[in-house]
Amino acid sequence: MPDWTASLHVNASVTLERQDDLLLSLVNVVGEAHVLIGDNVSDRATHFWDATPLNAKAIVRPASTAETAAVLELCHQAGQSVVTHGGVTGLV
């Protein structure tokens, strides 16, 4: 499992068409299995202590530093904000 994930929260300044283009580009970088959308996102809780469903367009799980850099570059180019989250492994 990757040790880094990113939630792409809907950015009002990014059109739906650009969001769809971004998702396709992200799939090309990390693979379809590593871009979660729809129920695979909303079925997740916002936090360990808060069961509120996650409100994000997608969860992206790059498997390498190169994939992480590519994901962040694509999001930057699209004007899409990113919320990072560690792997929750307990390792420091």
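Since this is a predicted model, take the numbers as computed values, not measurements. (Residues numbered from 1 in each chain as written. Predicted model: local features only at pLDDT ≥ 70, side-chain atom pairs only at ≥ 80, totals over all residues. Heavy atoms only, no water.)

1. Observations concerning the packing of helix 1 (residues 16-30) against helix 3 (residues 65-78)
Each pair of packed helices can be summarised by the angle the axes make with each other and by the distance between the axes.
Piece 1. Contact pair helix 1 / helix 3: the axes reach a minimum separation of 10 Å and the direction vectors enclose 165 degrees. Between helix 1 and helix 3, the angle falls in the class roughly antiparallel. Where helix 1 crosses over helix 3, the handedness of that crossing is right-handed. Here Arg18, Leu22, Ser25, Leu26, Val29 and Val30 of helix 1 come into contact with helix 3, specifically with Glu67, Ala70, Val71, Leu74, Cys75, Gln77 and Ala78. (Axes fitted to C-alpha atoms, helices over the stretch in contact; angles between N-to-C directions. Helix = DSSP H or I, 4+ residues; strand = E, 2+ residues; numbered from the N terminus. Parallel < 35°, antiparallel > 145°, perpendicular 65-115°, else oblique. Left-handed = near helix turned anticlockwise from the far one by under 90°. Contact = heavy atoms within 4.5 Å.)

2. Brief notes about helix 3
Piece 1. With 14 residues, helix 3 extends 20 Å between its outermost C-alpha atoms, agreeing within 8% with the 20 Å of an ideal straight helix rising 1.5 Å per residue.
Piece 2. Of all the residues in helix 3, the buried ones are Glu67, Thr68, Val71, Cys75 and Ala78. Looking straight down helix 3, one finds its buried side chains confined to an arc of 100 degrees; they lie on one side. Exposed and facing more than 90 degrees away from the buried side of helix 3 are Thr65, Ala66, His76 and Gln77.
Piece 3. Phi turns positive one or two residues past the end of helix 3, at Gly79, with a value near 75 degrees. (Expected span 1.5 Å × (residues − 1). Buried < 20%, exposed > 50% of the residue type's maximum accessible area, 1.4 Å probe, protein only. Arc of directions from axis to C-beta.)

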